Amino acid sequence: MLDILSGLSLGIEVTFSTSNLLIGFLGVVLGMLFGLLPGLGPLNGVAILLPITFVLPPESSMIFIAAIYYAGTAGGAITSITLNIPGTPMAAATCMDGHPMAQKGKGALAIFTAANSSLIGGTLACIGFVFLAPPLAKYALMFGPPEFFALMVAAFACFGGLAGKSVTKTIIMTIFGLLLACVGMDVMTGNARLCFGYMGLFNGVTFLTAVVGMFGIGEVLTTIEKGIKAKIIHPKVTWKDYVESLRLIYKHKILVISDTILGFLVGVLPGAGATPASFMAYGFSKSMSKDPKEWGKGHAPGVMATESSNHAASTGAFVPMVTLGIPGSPLAAIVLGGMLIWGLVPGPRLFIEQPRFVWGLIVAGFVVNILAYIFEVSLVPLLMKVLKTPFTVLTPLIVIFCLITGYVQNFGMMEVVQTLIFGVLGYFCKKTDYPVSPLILAIVLGPMTEWTFRQSLLQGGGSPMIFVTHPISFVLLLVSVVLYGIPITRGILDRRREKREAA
Amino acid sequence: MKKAEIFMASFWAALSAAIILEVHYIPYTKQPIGWEKGLGPQAGWFPFWLAVIMLICSLIVLIPKVIRAIKDGLAEEKAFISVEGFQAIMRALIPMIVYVVTLPWLGFYLGSTLYLIYYIRAVGKHSWTLSLLTGSIFSVSVFLIFEKALKLTLAKGFIEPILNQFL
Amino acid sequence: MKHLKQIRVIAFGLVLALCLVPLMAQSAQAWEPKKPVTVVIPYARGGADVIGRFIQSVVGKYDLCPQPLVVINKEGGSGSVGMKYLIDRKGDGHYFMVSLSSAITTPLTTNINFSWRDCTPLCRAALDRHALCISSKKYPDVYSLDQFVKLAKEMSAKGTPLQMGGTGSKQEDEIVTIMLEKATGIDLRYIPMTSGGDVAKNLVGGHIDATVNNPSEFLGYVLSGDVRLIVAFDKQRVPGYINVPTMPELGYPDATYQMLRGLFMPPDVDPEAVQYMTELIKKVIETQDWKDFLARIMLDGSEPIYGAEFGKWLEEYDAMHAKYLKEGGLIQ
């Protein structure tokens, strides 16, 4: 306890120097810009700006990078809500309820809700980091390939409740997503799969091209078809929206807190990341809620679930990086590369040898979260003006944003074409009731599901018993069975009640 | 809606069939689909069986629809898309496709400008001033942010030598 | 009249010479980039692209090039997507790629119809070492290669061979694993992982037994006692791990492996452009920043080689890979 307090005071001393606060603020502004720009997101922001930090002292560099990361994550949610184009993969799940809210004219409420939930998620996760880092590191290390596979099964089970009207159609879309995830070079053997002999598919289907196409362009086409009827009325932004968002969060406090914990626990696992965490939290909260039918139609708790969990998960991802030196996420991989250049040795001894760096980072997490929050909230009136742009001006801009997003993924025309194809496909899916979100989830989880499955079997000598003999994986698989059971039992109960009412 | 439903279900069926062919039958792209003893599934196992399940599911959707269509005929009770809706979609989609196809030659900057001008003027029926202004301001700001500030190169097409002057 | 003719010839010669002067001056003038120079990284952000971004920052810092350097990540297909992109930039001197050993292994092990031979070798900027690392929590008594070999033999006799993690399939980690198997006559089970981070996590968590990896990635775990280095696959001992023996010292002179950090340009580039880039890279490599950078990420940058010499070295390097891949049964 005492060393935590002394650590925190050291962190405060490091963070609250004028230069570091300024660097943090600059990082927040840049990060927000990266979050708002098509296809860049915090990850590109950090990769592009990393060389700049080589001249700064390590703790300032880390504050700068944390600021870009947090603000970029927040900025990604803004484009998800306003334009249905997720600025970052981890904001993809926010599209599901955030954009429908904006369409109903509740855009400001949605952004306020997102900002408040992410502040709560991020702050609680930072507190968890301060007090629980060593045990969490132990917990993170318990997950080997079989445990990860079981976790992926549990993630799909969380989404059992997300099925559309037809179960068969949901299965088709899930499998289509898993197949898309197989496209490209197979990590386990190096074989090129599902490329139909075409070189352009070697690097597979990028997650954001699918999401941006399906959500962004697909949505544009649907709205164009509805024509003038789709005109959205955006009332003036008032403080009432802000207060309302706080009231809603207070009403759903249990949901926000449990999703924060879920997101944090998933985020801490090296390799899992914030994107699956946000989808899991969404699916989990939906199947636990009293009114699952409201979800996906602009229901504020949907935004709370995804935003609190993805911020908690992004903070959680720092835990294995700082305590163990393990690059659990692409961002951590970049930062660990940076740490070597700053002259630090990442690894389990970083906590002891570089307290200024570690505690500076932790305290900066709190500060930067608040800075990003203030910045995001103050942007809302401006953002709502964007939404007032006539639809016929906004449409081509959205289309170009989506296509640039596709291009930036790998700087190739192939991704642009993919985005367009996914857009048209998304339009048809929406019209014929094929649910899009299971497909997106499957693309996110697919690769890891397959790799960990095959790695586990390779380890277990080809016997699936390895999933049962490892206790964590066994428990997770049991939980998944229960999670699959909930929507099914609920469906049976509903049907019985309907029958009784009919009789 | 019947035709659209049948079309979509057949699309999934055809796609899964194509994948099954790709994974297991076409010599050039063939993958081993077995379960190696002591080592677990081979490279093609996962995609192959997924495609098989997908084929079965799409047939479950497709066959009853086809049977009903044969019984009742293909007359639609509710049209998939209204005539106006179709026209509106085509007005947006065709330029979008043209934009993507010409991207390698026109590049993002020229292409976006032309696309914006066309869409805002011809589809949106806004003034020339608005369309020209939006088109040019958008491209210039994207250029300044991406190329100038962030050093990220977007495709520039044949005007690349001219644009490089401004870097 | 003869005179006049002579004057005419001289005059013609003079005019011709005058016309040629600017032309010759132009060709004498060195090639210079006319647009931004693109650094192609055939991998995802993070990890391997640090080198490319570092070159970019050094060039920017000392203003070594009149045009800016831009870095793009063309990831996918174990480096093949980025290589294809470079090859498609045929004849354009404004590009170079920073590649690891995948430039050699991927063409050997997949059915892509191009290879590093289609590119113009520019420079071998640095080499990375490989070392055998074992989870010291799981095997606290294994210190030497002999003990490791004994352990591996016991485990395979039980039917559960030691599990070696490594990044990717048929890439350098698997090749070094094969090298170790062939040299010491043991049998290991190679488990392909998605990234270096994946390997680190599973090794520190004790989900796999050992791995062969770049020692720089594991410095932190070695210091904390989670991982132990058994032997280095190098001719010289690795700075920073001076008490870890090398394979040649232990009597396996051929079991050495060095991982490439090489620079390539597109095919059919103007030799002047290659010359220009070589000079540029030379300037970067001579800076103290570069030397500090390499020392920090524990790369061996002592012998950079350029152009044709690099190409010749690549041929040998390629043959060595092909040999081990064949011995391991990974290619025909």
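The structure displayed is predicted, hence computed values, not measured ones.

Asks: Even after reading the chapter, I still don't get the overall build of chain A, so can you show me in this structure?
Replies: The secondary structure content of chain A amounts to 22 helices and two strands. Taken against the 2.2 N^0.38 rule, which gives 23 Å for 503 residues, the C-alpha radius of gyration of chain A at 22 Å falls within 12% of a compact globule. Once the C-alpha set of chain A is aligned to its principal axes, its extents read approximately 70 × 60 × 55 Å. Counting across all 503 residues of chain A, residues that qualify as buried make up 65%. Partitioning the contacts of chain A with sequence separation of at least 6, the portion at a separation of at least 24 is 79%.

Asks: Quick question: what am I supposed to make of the interface of chain C and chain A here?
Replies: Reports of interface size often rely on the accessible area that becomes lost once the parts have come together. Chain C puts 51 residues into the contact, and the matching count from chain A is 48 residues. Between chain C and chain A, the buried area comes to about 3900 Å², and carbon and sulfur atoms account for 64% of it. Counting across the interface, chain C meets chain A through zero salt bridges. Here chain C is connected to chain A by 16 residue pairs in polar contact (both at pLDDT 80 or more). Broken down by element, the residue count for the side of chain C that touches chain A peaks at six residues, all from helix α7 (residues 196-204) of chain C. Per-class residue counts for the side of chain C that touches chain A are 19 nonpolar, 21 polar and eleven charged.

Asks: It is not clear to me how a nonpolar patch on the surface should be interpreted in this structure. Could you clarify?
Replies: All names here are of chain A. A surface patch of nonpolar side chains, amounting to about 940 Å² of accessible area, comprises Met1, Leu2, Leu5, Leu124, Ile127, Phe131, Leu132, Ile257, Ile261 and Leu265. When residues of the nonpolar patch are traced back to their parent elements, those giving at least two are α1 (2-15), α6 (107-141) and α11 (253-268). The biggest single contributor to the nonpolar patch is α6, with four residues.

Asks: Help me understand the nonpolar core in this model?
Replies: The tendency in soluble globular proteins is for nonpolar side chains to be buried side by side. Residue and element names in this part refer to chain C. By size, the foremost hydrophobic cluster in this structure holds 302 residues, and its most contacted members are Phe96, Leu132 and Phe148. Apart from the residues lying within four places of it in its own chain, the contact partners of Leu132 are Leu145, Phe148, Met164, Leu180, Ala210, Thr211, Val212, Arg228, Leu229, Ile230, Val231 and Phe233. Residues Cys133, Met193, Val199 and Ile208 belong to the second largest nonpolar core, which totals 25 residues.

Asks: Whenever I open this one, the sheet that holds strand β10 (residues 258-265) of chain C confuses me. Can you help?
Replies: Hydrogen bonding along the main chain pairs the strands of a sheet, whether they run parallel or antiparallel. Residue and element names in this part refer to chain C. The strand order β2-β1-β3-β10-β4-β11 describes an open sheet built from six strands, whose pairing is mixed. Pairing within the sheet leaves two strands with one partner each, and these edge strands are β2 (69-73) and β11 (305-306). Bridge analysis of strand β4 (residues 120-129) against β11 gives two bridges, and the strand direction is antiparallel. From the neighbouring strand, Arg124 faces β11, where its bridge partner is Ile305.

Asks: It is not clear to me how the domain arrangement of chain B should be interpreted in this structure. Could you clarify?
Replies: Domain annotation of chain B identifies domain 1 (2-72) and domain 2 (83-164). In this structure, domain 1 of chain B and domain 2 of chain B have C-alpha centres spaced 39 Å apart.

Asks: What exactly am I supposed to notice about the packing of helix α18 (residues 391-410) of chain A against helix α4 (residues 128-149) of chain B here?
Replies: Relative placement of two packed helices is described by the angle separating their axes and the distance separating the axes. Relative orientation of the contacting elements α18(A) and α4(B) amounts to 25°, with a least axis distance of 12 Å. Considered as vectors, α18(A) and α4(B) are oriented roughly parallel to each other. At the point where α18(A) passes α4(B), the crossing takes the right-handed sense. Contact residues: α18(A) offers A:Val393, A:Leu397, A:Ile400, A:Phe401, A:Ile404 and A:Val408, while α4(B) offers B:Leu130, B:Thr134, B:Phe138, B:Val142 and B:Phe146.

Asks: I would appreciate a short explanation of the packing of aromatic side chains in the present structure.
Replies: To describe a pair of aromatic rings, one takes the distance between the centres and the angle between the planes. Evaluation of the coordinates by the stated rule reveals 40 aromatic pairs over all chains. Their ring planes at 80° and their centres at 6.0 Å tell us that A:Tyr407 and A:Phe411 sit as a pair that is edge-to-face. For the pair formed by A:Tyr407 and A:Phe411, the shared burial category is buried. When the centroid spacing of 5.2 Å and the interplanar angle of 40° are considered together, the rings of B:Tyr99 and B:Tyr115 count as tilted.

Asks: Got a minute to help me understand the environment of A:Thr315 in this structure?
Replies: Residues and elements named next belong to chain A. Summarising the element assignment, Thr315 is placed in helix α13 (residues 300-316). For Thr315, a relative accessible area of 1% corresponds to the buried category. Put simply, Thr315 and Tyr70 are 245 residues apart on the chain and 8.6 Å apart in space, counted from C-alpha to C-alpha. Dropping the residues within four chain positions of it, Thr315 is found in contact with Tyr70, Gly122, Ala125, Cys126 and Phe129.

Asks: Mind showing me how you'd approach a positive patch on the surface here?
Replies: On the surface, a cluster of positive charge is contributed by A:Lys104, A:Lys106, A:Lys293 and A:Lys297. Considering the arrangement of structural elements, one finds A:Lys297 in the loop between α12 (274-288) and α13.

Asks: What exactly am I supposed to notice about the pattern of salt bridges here?
Replies: Two side chains bearing opposite charge may form a pair once their charged atoms approach each other closely. Under the defined criterion, the tally for this structure stands at 26 salt bridges over all chains. Close ionic contact of B:Glu5 with B:Lys65 constitutes a salt bridge, the shortest N to O distance being 3.6 Å. Taken together, the residues B:Glu5 in helix α1 (residues 2-25) and B:Lys65 in helix α2 (residues 45-72) connect sequence positions 60 residues apart. Between B:Glu160 and C:Lys35 there is a salt bridge, and its shortest N-O distance comes to 3.7 Å. Residue B:Glu160 is found in helix α5 (residues 160-164), and its partner C:Lys35 is found in the loop between α1 (2-28) and β1 (37-41); the two belong to separate chains. Using a relative accessible area of 15% as the deciding quantity, one classes C:Lys35 as buried.

Asks: Help me out: how do you make sense of helix α4 (residues 58-83) of chain A in this one?
Replies: Along an α-helix, a turn takes 3.6 residues, which lines up residues three or four apart on a common side. Residues and elements named next belong to chain A. The terminal C-alpha atoms of α4 lie 37 Å apart, and with 26 residues this matches the ideal 38 Å at 1.5 Å per residue to within 8%. Within α4, 26 of the 26 residues are buried, which leaves it mostly tucked inside the rest of the structure. Downstream of α4 by one or two residues, Asn84 has phi in the positive range, about 65°.

Asks: What exactly am I supposed to notice about the interface of chain A and chain B here?
Replies: In this assembly, 61 residues from chain A lie in contact with 67 residues from chain B. Buried surface at the junction of chain A and chain B, summed over both partners, amounts to about 5600 Å²; 84% is from carbon and sulfur atoms. Ranking the residues of chain A by area buried against chain B places A:Ile172, A:Phe196 and A:Ile400 at the top, with a combined share of 10%. Our enumeration of links across chain A and chain B arrives at one salt bridge. Linking chain A with chain B are nine residue pairs in polar contact (both at pLDDT 80 or more). Secondary structure elements with two or more residues in the side of chain A that touches chain B: α8 (167-182), β2 (192-193), α9 (207-226), α18, α19 (413-431) and α20 (437-459) of chain A. Here the side of chain A that touches chain B gets twelve residues from one element, more than from any other, and that element is α18(A). Considering only residue class, the side of chain A that touches chain B consists of 45 nonpolar, nine polar and seven charged.

Asks: How should the environment of C:Met193 be read in this particular structure?
Replies: Of note, C:Met193 is situated in strand β7 (residues 189-193). Judged by its relative accessible area of 0%, C:Met193 falls in the buried class. For the pair C:Met193 and C:Lys283, spaced 90 residues apart in sequence, the C-alpha separation works out to 37 Å. If sequence neighbours within four positions are ignored, C:Met193 has contacts with A:Val187, A:Gln455, C:Gly165, C:Gly166, C:Thr167, C:Gly168, C:Asp198, C:Val199, C:Asn202 and C:Ile208.

Asks: Help me out: how do you make sense of the environment of A:Leu383 in this one?
Replies: Residue and element names in this part refer to chain A. With respect to the helices, strands and loops of the structure, Leu383 is situated in helix α17 (residues 355-387). Residues Leu383 and Thr82, spaced 301 residues apart in sequence, show a C-alpha to C-alpha distance of 7.9 Å. Non-local contacts of Leu383, meaning those with residues more than four positions away in its chain, are made with Ile78 and Ile111.

Asks: Could you clarify how one ought to interpret the side chain of B:His126 in this entry?
Replies: Mapped onto the fold, B:His126 is located in the loop between α3 (83-123) and α4. Of the residues examined, B:His126 reaches a relative accessible area of 18% and is grouped as buried. Of the polar contacts made by the side chain of B:His126, one reaches the side chain of A:Thr392; its length is 2.7 Å. The contacts of B:His126, once residues within four sequence positions are left out, are A:Pro390, A:Thr392, A:Val393, B:Ile120 and B:Arg121.

Rules and cut-offs
- Residues numbered from 1 in each chain as written.
- Chains lettered and ligands numbered in written order.
- Predicted model: local features only at pLDDT ≥ 70, side-chain atom pairs only at ≥ 80, totals over all residues.
- Heavy atoms only, no water.
- Helix = DSSP H or I, 4+ residues; strand = E, 2+ residues; numbered from the N terminus.
- Rg over C-alpha atoms; globule rule 2.2 N^0.38 Å.
- Buried < 20%, exposed > 50% of the residue type's maximum accessible area, 1.4 Å probe, protein only.
- Contact = heavy atoms within 4.5 Å.
- Buried area = accessible area lost by both parts, 1.4 Å probe.
- Salt bridge = Lys/Arg side-chain N within 4 Å of Asp/Glu carboxyl O.
- Polar contact = N/O pair within 3.5 Å; in protein donor to acceptor, adjacent residues only side chain to side chain.
- Nonpolar A, V, L, I, M, F, W, Y, C, P; charged D, E, K, R; others polar.
- Patch = residues over 30% accessible without salt bridge, like charges linked within 9 Å, V, L, I, M, F, W, Y side chains within 5 Å.
- Areas by Shrake-Rupley, 256 points an atom, 1.4 Å probe, with all protein chains shown as cover.
- Core = buried A, V, L, I, M, F, W, Y, C linked by side-chain atoms within 4.5 Å.
- Pairing = 2+ DSSP bridges.
- Domains from an automatic or database assignment.
- Axes fitted to C-alpha atoms, helices over the stretch in contact; angles between N-to-C directions.
- Parallel < 35°, antiparallel > 145°, perpendicular 65-115°, else oblique.
- Left-handed = near helix turned anticlockwise from the far one by under 90°.
- Phe/Tyr/Trp six-rings, centres within 6.5 Å; stacked < 30°, edge-to-face > 60°.
- Lys, Arg positive; Asp, Glu negative; His and termini not counted.
- Charge placed at Lys NZ, Arg CZ, Asp CG, Glu CD.
- Expected span 1.5 Å × (residues − 1).

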